[in-house]
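In case you want the letters, here they are:
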Amino acid sequence: MMMPKGVVLVVDDNELNRVLLTTQLQREGCSVLTAQSGRQALEVLGRQPCDVVLLDLVMPEMDGFQVLAYMKADPALRHIPVIVVSAVHEMDSVVRSIQMGAADHLAKPFDSALLRARLNASLATKRLHDQEIAHRARERQLVQQSHITSALLDKITHELRSPFVAAGFSVQLLQRYLEHGMLDELRAQIRQLDQQLTEGRRMIDGVISFAALVTKRVEVRPAPVDMAALLDEAVAPLRRLAKTRKVTLELEVVADLPQVLLDREQMGEAIHHLVHNAIKFNREGGRVQVACRIEGPWLVCTVEDTGRGVAPEQLGTIWEAFTQAADNRRRSVEGLGIGLALVKHIVEAHRGEVIASSTPGAGSVFGFRIPTDPGGRE
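Colleague: Please clarify how the overall build of the protein chain should be interpreted in this entry.
Modeller: For the protein chain, the helix and strand inventory stands at 12 helices and 12 strands. For the protein chain, buried positions account for 41% of its 378 residues. For the protein chain, contacts bridging at least 24 residues in sequence account for 69% of all contacts bridging at least 6. Accessible surface for the protein chain amounts to roughly 20,700 Å². Of this, 54% is attributable to carbon and sulfur atoms.

Colleague: In this structure, what is going on with unusual backbone geometry? I would like to understand it.
Modeller: Here the residue pair Lys108 and Pro109 is connected by a cis peptide bond, since its omega of -5° sits within 30 degrees of zero. Note that Pro109 resides in the loop between β5 (104-108) and α5 (112-179). Backbone geometry at Glu61 places phi at a positive 65°, although glycine is not the residue there. Summarising the element assignment, Glu61 is placed in the loop between β3 (52-56) and α3 (64-73). Since its relative accessible area comes to 73%, Glu61 is described here as exposed.

Colleague: What should I look at first to understand the confidence of the model for the protein chain in this one?
Modeller: Detailed reading of the predicted model is not advised wherever pLDDT is low. Across the protein chain, the average pLDDT comes to 83, with 85% of residues at or above 70. Counting contacts from residues 324-336, a segment whose pLDDT is below 50, to residues more than four positions away or on other chains yields 30 contacts.

Colleague: What am I meant to see in the nonpolar core here?
Modeller: In summary, soluble globular proteins display a tendency toward joint burial of nonpolar side chains. Formed by 37 residues in total, the largest nonpolar core has its most connected members in Met227, Met267, Ile271 and Val275. Elements that contribute at least two residues to this core include exactly α7 (227-235), α8 (239-244), β8 (260-262), α9 (264-280), β9 (287-295), β10 (298-305), α12 (339-349) and β12 (363-371). Take this core: its biggest share by element is 7 residues, from α9. In terms of nonpolar packing, the next biggest core, distinct from the first, is built from 24 residues, Val67, Ile80, Val84 and Ala102 among them.

Colleague: How should I be thinking about a nonpolar patch on the surface in this particular structure?
Modeller: A surface patch of nonpolar side chains, about 230 Å² in accessible area, is lined by Phe164, Leu197 and Ile204. Topologically, Leu197 is positioned in helix α6 (residues 183-214).

Colleague: I keep staring at the sheet that holds β3 and nothing clicks. Help me out?
Modeller: Each strand in a sheet pairs with another by means of backbone hydrogen bonds, the pair being arranged parallel or else antiparallel. The sheet built from 5 strands is open, its strands ordered β2-β1-β3-β4-β5 with parallel pairing. Edge positions in the open sheet fall to β2 (31-35) and β5, since each of these has one partner strand only. Between one strand axis and the next, the sheet turns by 20° as a mean value, whatever way the strands run. Bridging between strand β1 (residues 7-11) and β2 involves 5 bridges; their strand directions are parallel. Bridge pairing links Val11 to Ala35 in β2. Packed onto the sheet, helix α1 (residues 15-27) meets β1, β2, β3 and β5 and runs at close to 170° relative to β2.

Colleague: Whenever I open this one, the packing of aromatic side chains confuses me. Can you help?
Modeller: Any aromatic ring pair is given by two values, namely how distant the centres are and how the planes are angled relative to each other. Scanning the model with the defined rule gives 1 aromatic pair in all. With a centroid separation of 5.7 Å and 80° between ring planes, the pair formed by Trp319 and Phe366 is classed as edge-to-face. Pair noted here: Trp319 is in the loop between α10 (312-315) and α11 (331-334) and Phe366 is in strand β12, with a separation of 47 residues, a long-range link. For the pair formed by Trp319 and Phe366, the shared burial category is buried. Looking at Arg369, its charged tip hangs above the ring of Trp298, at a distance of 4.2 Å from the centre.

Colleague: It is not clear to me how the pattern of salt bridges should be interpreted in this structure. Could you clarify?
Modeller: Where charged atoms from two side chains of opposite charge come close, those side chains can pair. Under the counting rule described, the total for this entry stands at 14 salt bridges. A salt bridge links Glu132 to Arg136, with the nearest nitrogen and oxygen atoms 2.3 Å apart. With Glu132 and Arg136 both in helix α5 and 4 residues apart, the pair spans about one turn of that helix. Glu132 gets classed as partly exposed once you look at its relative accessible area, which sits at 36%. On the basis of relative accessibility, which here comes to 41%, the residue Arg136 falls in the partly exposed class.

Colleague: Hey, could you run me through the sheet that holds strand β11 (residues 353-359) in this one?
Modeller: Pairing within the open sheet is mixed, and its 5 strands lie in the order β7-β9-β10-β12-β11. Two strands close off the open sheet at either side, each with one partner strand: β7 (248-253) and β11. Averaged over all pairs of adjacent strands, the angle between strand axes in this sheet comes to 15°, irrespective of strand direction. Across 7 bridges, β11 lies against β12 in antiparallel orientation. Bridge pairing in β12 links Thr359 to Gly363. Sitting on the sheet, α9 is in contact with β7, β9, β10 and β12, with an inclination near 170° to β12.

Colleague: What is the right way to read the side chain of Gln24 from this model?
Modeller: The residue Gln24 is located in helix α1 in this model. Classification of Gln24 as buried rests on a relative accessible area of 11%. A distance of 3.0 Å separates polar atoms of two side chains, one belonging to Gln24 and the other to Arg27. With near-sequence residues (within four places) excluded, Gln24 lies in contact with Ser112, Leu115 and Arg116.

Colleague: Can you walk me through the environment of Lys280 in this structure?
Modeller: Within the fold, Lys280 resides in helix α9. Between the C-alpha atoms of Lys280 and Val247, which are 33 residues apart in sequence, the distance is 9.4 Å.

Cut-off values and rules
- Residues numbered from 1 in each chain as written.
- Predicted model: local features only at pLDDT ≥ 70, side-chain atom pairs only at ≥ 80, totals over all residues.
- Heavy atoms only, no water.
- Helix = DSSP H or I, 4+ residues; strand = E, 2+ residues; numbered from the N terminus.
- Buried < 20%, exposed > 50% of the residue type's maximum accessible area, 1.4 Å probe, protein only.
- Contact = heavy atoms within 4.5 Å.
- Areas by Shrake-Rupley, 256 points an atom, 1.4 Å probe, with all protein chains shown as cover.
- pLDDT = per-residue confidence, 0-100.
- Core = buried A, V, L, I, M, F, W, Y, C linked by side-chain atoms within 4.5 Å.
- Patch = residues over 30% accessible without salt bridge, like charges linked within 9 Å, V, L, I, M, F, W, Y side chains within 5 Å.
- Salt bridge = Lys/Arg side-chain N within 4 Å of Asp/Glu carboxyl O.
- Pairing = 2+ DSSP bridges.
- Axes fitted to C-alpha atoms, helices over the stretch in contact; angles between N-to-C directions.
- Phe/Tyr/Trp six-rings, centres within 6.5 Å; stacked < 30°, edge-to-face > 60°.
- Lys NZ or Arg CZ within 6 Å of the ring centre and 35° of its normal.
- Polar contact = N/O pair within 3.5 Å; in protein donor to acceptor, adjacent residues only side chain to side chain.

In structure tokens:
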């Protein structure tokens, strides 16, 4: 029977023994590493994982018992089967090594059939252990995913319900204003209802867009785009929100921006989310400045705000989905937390990079840069 392939470390201070074992193991289909001392063996094990160790017991300086003791004390090495190599008359040493945790022993001179059988058994044991570890890791991952999914569903349910609950209340007010002929209040409430429905629709569209992007179902369809016009178009729907929150919204675009090849709809959505976040997390009387410029081979767009900022430890995860609203007390303000994740997916689909900096209590700068020549950046 052909021995299953595996990585075997041969540890022996005798060069002839190392050569004989290496030749036999390679003939059987194993990858072989060698060490001529106990210290060298531990160095090899620290660099590269092995499936089985063939360990000579009698070596100068650091003998096989010391190597075996070290391996069994190390969580990363203790599960590697060790077959000790000894002379026939060293049975007491073999018994001691088995008591210390060695899987098997091999007597000198080596018998090919016995070597194959004992290696087969040790490799099978190691493979079963690896499968068990992988199975436990999958179980932990499934449990973690289950918790995340449950929390996500709770969040989505809560956030998607909010604008529609508000819309239902607006409908009741509309009916009351209509019955009493309160036309000014009626008009104002209609505008409010439109805003609530727009917000709910945007949340749903955001979830759909995010799901499509992360599963690679959306293709980038690049075409020449006037960035100044695109920025105006993306920012325009947010001017009313900025006014409502008493935030000054400024657009700063350098003259003569070149046209850039990009997906107009996707990039417009990315800009919208960046500006929306900057307004949403700003303070009353604050400022949001949207800027676009050329820096070398890059088109750079930034959105600077004067809001509460982001703590340094959170800045690295701010682009991940569903991380913005970790605090349940602020969920109604924070939303679903997929805006910046969508931005990151869209920018990377355009072979670009997201950028972020923040000073807690003073404000943040979020944005992206994309190559002006999409085919010129590998």
